[in-house]
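Next come the chains, spelled out residue by residue.
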Amino acid sequence: MAEVPEKPSDFIREIIARDNETGKFGQRVHTRFPPEPNGYLHIGHAKSICLNFGIARDSGGLCNLRFDDTNPTKEEVEYVDSIKEDVRWLGFDWEDRLFYASDYFGKLYEYAVQLIKAGKAYVCDLTADEIREYRGTLTEPGKESPYRDRSVEESLDLFRRMREGEFPDGSRTLRAKIDMASGNINMRDPVMYRILHAEHHRTGSKWCIYPMYDYAHCVSDSLEGITHSICTLEFEDHRPLYDWFLDELKAYHPQQIEFARLNLSNTVLSKRKLIRLVREGHVKGWDDPRMPTISGFRRRGYTPEAIRNFCDRIGVAKRDSTVEAALLEHCIREDLNKRVPRAMAVLRPLRVVITNCPEGREEELEAVNNPEDPSMGVRKVSFSKVLYIERDDFREDPPKDFFRLAPGREVRLRYAYFITCTGFVKDPATGEIVELQCVYDPATRGGDSPDGRKVKATLHWVSASRALPAEVRLYDYLFLTAEPSGPAEGDFASSLNLNSLETLTSCYVEPGLRDAAPGSRWQFERQGYFCVDPDSGDERLVFNRTVTLKDTWAKIEKKQKKH
RNA sequence: UGGGGAGUCGUCCAAUGGCAGGACGGCAGACUCUGGAUCUGCUUAUAGGGGUUCGAAUCCUCUCUCCCCAGCCA
C-alpha cells in the first residue's frame, strides 16, 4: 500500500498561512499560472501548475490561467491551445478564469499615462544600442538619458503618437523614471513599452506598442486580485520593480514569492533548448516521447497522477537543485503497477519448437490480468507447438547467476508449462542461434508442478500461430550526462544520447492486444510499461515503452562485465 | 569589483535553540509462477573558522563556494 506521504508543505504555504493569520489579504488566497504561449509546457511548468493550483485547492482559494502574451513576435495560438490542453490533462481547472495579459492592454495604457503625468515615466528616443550603453555595467552606474527630463506634456504627446503608429519599430520607448545608479540593473529606468508593428494573435493590429513583462505582469496580477504571485528565482531581483510599479500606481498590491525552478537529470528544461531539440531534428516534435514536455510524457504513457505525485514529492525550496530522473520513474512505476493490465510480448523473438507437442494443437490457458488487483480478472492465452521467447532468455553458455534457459535446463513458461531445452539450431554462417528445441511436461499445466519441483526462472512467451506482429519503440535518456546544462558541460549537443530511441519492428504480442486503443497502457511482463502510440492503426500496432521494470539481472550482468 | 539569492546523506526535501528525519538511489536479505511487486535491515550529510549558549543545522561574526542580473524576451 503506497500511502500518501505527509501532507506536502513548503515555505510558500507557510507564508500564506501566516498571511491568513494576520489577515494581510483578508484570508483570501488567489494564485495564477502565467505561461507565455511561446512553446509547449514541460515538467518544470508542471511543478508550477501543481504549486499554484494546489495551493488554491488546499486553501479554498482560486487559481487563474493567464497567458502572458505581451510579445506578439514570439507567441502563437498553437501554443495557447497546447497549454490549455496540458493543464487540463494534468487535472486542473481554471473554471471561468481564463485570462490574457492582452486583455489588459487598454488598462495598461491608461496606467502608463498616469505614470507619465506623475513624472514617473518618460518617452525616450535612444536607440536599443544607446540604451544599452547608458545602462552601465554590473559594477558601474548608468548615465541618465538626455530625454529623461523632457516635459510631461511632450512625453504624453509622444506616447500617444507611439500608439497611433507614427513611429517605426525601435525608434522610441516608454521608460520608468527610477534610478540609473541603482545596484539593481532592473531599476535603471527600465523600458515599459516598445514599438512593435506586429500582428498579435488576439488583438490583431489594434496595438503597435506592447508592454514589457515587468510592467504588464504586476499590473495583471493586481487587476486580477491575485494575493500571492509565485514565480521562479530569476525574478527575485525584479521584485523591487514589481513593487515600485504598484506602489507608484497606488494599485492593489499582491505579494511576489520566488522558488527554485525544477531541473531534471539527463534532460534539459529550458524552452530555448527544447526548441533547439525540435528544430535541429534531434527529436520528432514537441510531443516526442523522449521530450520532457507534458505532451511528450503523455505520449510516452505517463499518467497525470504520477506527474502530480512527482511534483508533490520533489518539494519546493529556494535552493538550485537537480532532481534525479529515477524519482520520476519511481512515481510512474508505482502508479502503473497498481492499475495497468499485464500482457505478454516478445520484443526480440527466438523461435522455440516444443518437440513433444502434437502438430496443430492449440490450447487455451488462463492468465491473471493483474496480480496486484484480482478484480481485474483473468484472460486466455493460447499455447501451441511453436512459440517465441525472448532471445535474452537463452544462453548457450550461461554465466554465473543466469537462471534462465540453457541447454538441459528447465524453466517455466508463465501460466503454461515447464519446458526443458534439449537442443538448438545455429546459423552456420553467422553463429546466431535461430531455433530452440524443447520438451514440455504435460503434468505442469498452468505452471505448477505436482511433484513440488522448483524452477529458477519463469519466462514470458507468445504462441507463434496466434501472436500479433508489432512495432515497439524503446526510449532512453536524451542526454548521457546528469546535467547537460551544468557548469562543466559545453554545448548540450555534445552530451546528446545518440541511442535515445531504439525501434524494434519484429516484435510479437499476445492476440488480446489486437484492439488495444491508442493511449492504452499495459505492462509487458518482465519488461516494462508500454502504451499504444497514436501511430498505431488497423494495419499496425505500435507501442511506446513508458519505463522499464526494475531489472535485477541487468544490474548483476553489468557488474559481471565490469570485472 | 555592483545588486539579489543559496549552501543539510549520492539526489531531493524536513528539522525554525533541545536525540539531524523522510523519500528516491545504492548495498544486503526475506518472499515470489514477472530476477516485477511487496517486506526487512544497512550505508551516508549540517561548506569552513571563530563566537554566544547548559545546549547551535538553527543566533552573531569572518571566510569560502555556487546560482541569477548589463533584452526594446519572459
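Sequence order as written defines residue numbering, which begins from 1 separately in each chain. Naming scheme: in the order in which they are written, chains are lettered from A and ligands are numbered from 1. The predicted nature of this model means local features are confined to residues of pLDDT at least 70 and side-chain atom pairs, given and counted, to a pLDDT of 80 or more, with totals for whole chains, interfaces and linings taken over all residues. With hydrogens and water stripped out, all remaining heavy atoms of the structure feed into the side-chain values.

Draft legend 1. Region of the structure containing the environment of Asp 69. A run of DSSP states H or I qualifies as a helix once it reaches four residues; a run of E qualifies as a strand once it reaches two. Both are numbered from the N-terminal end. Along the polypeptide, Asp 69 turns up in the loop between strand S2 (62-67) and helix H3 (77-89). Three exposure classes are used, based on accessible area relative to the maximum for each residue type with a 1.4 Å probe and protein chains only: buried under 20%, partly exposed in between, and exposed over 50%. The exposure class assigned to Asp 69 is buried, which follows from its relative accessible area of 0%. Once the C-alpha coordinates of Asp 69 and Ala 216 are considered, the two residues, 147 residues apart in sequence, prove to be 9.6 Å apart. Here, two residues are considered to be in contact whenever any of their heavy atoms come within 4.5 Å of each other. If near-sequence neighbours (up to four positions away) are discounted, Asp 69 is found in contact with Pro 37, Glu 75, Tyr 100, Ala 101, Ser 102, Phe 105, His 200, His 201 and Arg 202.

Draft legend 2. Spatial organisation of helix H6 (residues 152-164). Expected span, for any helix, means 1.5 Å times one less than how many residues it has. In this model, H6 (13 residues) spans 18 Å end to end at C-alpha, consistent with the 18 Å of a helix rising 1.5 Å per residue. Each element contacted by the buried residues of H6 is listed here: helix H4 (105-117), strand S4 (121-124), strand S5 (173-176), strand S6 (191-195) and strand S7 (209-211). One or two positions beyond H6, positive phi appears at Gly 165, with a value near 95°.

Draft legend 3. Summary view of the environment of Val 532. Tracing the chain through its elements places Val 532 in strand S26 (residues 528-532). Given the relative accessible area of 1%, Val 532 is considered buried. Considered as a pair, Val 532 and Ala 516 are 16 residues apart in the sequence and their alpha carbons are 7.0 Å apart.

Draft legend 4. Inspection of the protein's contact with RNA strand B at higher detail. By convention in these notes, a residue is near a molecule or strand provided one of its non-hydrogen atoms lies within 4 Å of it. Lining the immediate surroundings of RNA strand B are 72 residues, of which Arg 319, Arg 342, Arg 412, Gly 446 and Lys 550 lie closest. Protein-proximal atoms of RNA strand B, defined as those within 4 Å of the protein, fall in sugar or phosphate at a share of 62%. A 3.5 Å cut-off defines polar contacts: any pair of N or O atoms within that distance qualifies, except that in protein one atom must be a possible hydrogen donor and the other a possible acceptor, and neighbouring residues in sequence count only when both atoms are side-chain atoms. Side-chain polar atom of Arg 132 to a phosphate oxygen of RNA strand B: 3.5 Å apart, as the coordinates give it. Take Val 316: an N or O atom from its main chain is 3.3 Å from a phosphate oxygen of RNA strand B. No other element matches helix H13 (residues 552-562), which puts 5 residues into the surface near RNA strand B. Lys, Arg, Asp and Glu make up the charged group, whereas Ala, Val, Leu, Ile, Met, Phe, Trp, Tyr, Cys and Pro make up the nonpolar group; the residues left over, Gly among them, are polar. Here the residues of the surface near RNA strand B are counted per class, giving 24 nonpolar, 21 polar and 27 charged.

Draft legend 5. Broad picture of the domain arrangement of chain A. Residue ranges for the domains originate in an automatic or database domain assignment. Split by domain assignment, chain A resolves into domain 1 (11-261), domain 2 (271-341 + 471-562) and domain 3 (345-460). Relative placement of domain 2 and domain 3: their C-alpha centres are 29 Å apart. Each side of the interface is counted separately: domain 2 has 23 residues, and domain 3 has 26 residues. In total, about 2,000 Å² of surface goes out of reach between domain 2 and domain 3, with carbon and sulfur atoms giving 46% of it. The salt bridge definition used is simple: a Lys or Arg side-chain nitrogen within 4 Å of an Asp or Glu carboxyl oxygen. For the pair domain 2 and domain 3, the number of links is 5 salt bridges. Put simply, Arg 395 and Glu 557 hold a salt bridge, and the shortest N to O gap is 2.8 Å. The interface formed by domain 2 and domain 3 holds 13 residue pairs in polar contact (both at pLDDT 80 or more) in total. Counting only elements with at least two residues in the side of domain 2 that touches domain 3, the list comes to helix H12 (325-339), strand S23 (468-475), strand S24 (501-509) and H13. The dominant element in the side of domain 2 that touches domain 3, judged by the number of residues it contributes, is S24, at 6 residues. Among the residues making up the side of domain 2 that touches domain 3, the classes are represented as 12 nonpolar, 4 polar and 7 charged. Simply put, the buried area is the total loss of 1.4 Å probe accessible area from both parts when two parts are fitted together.

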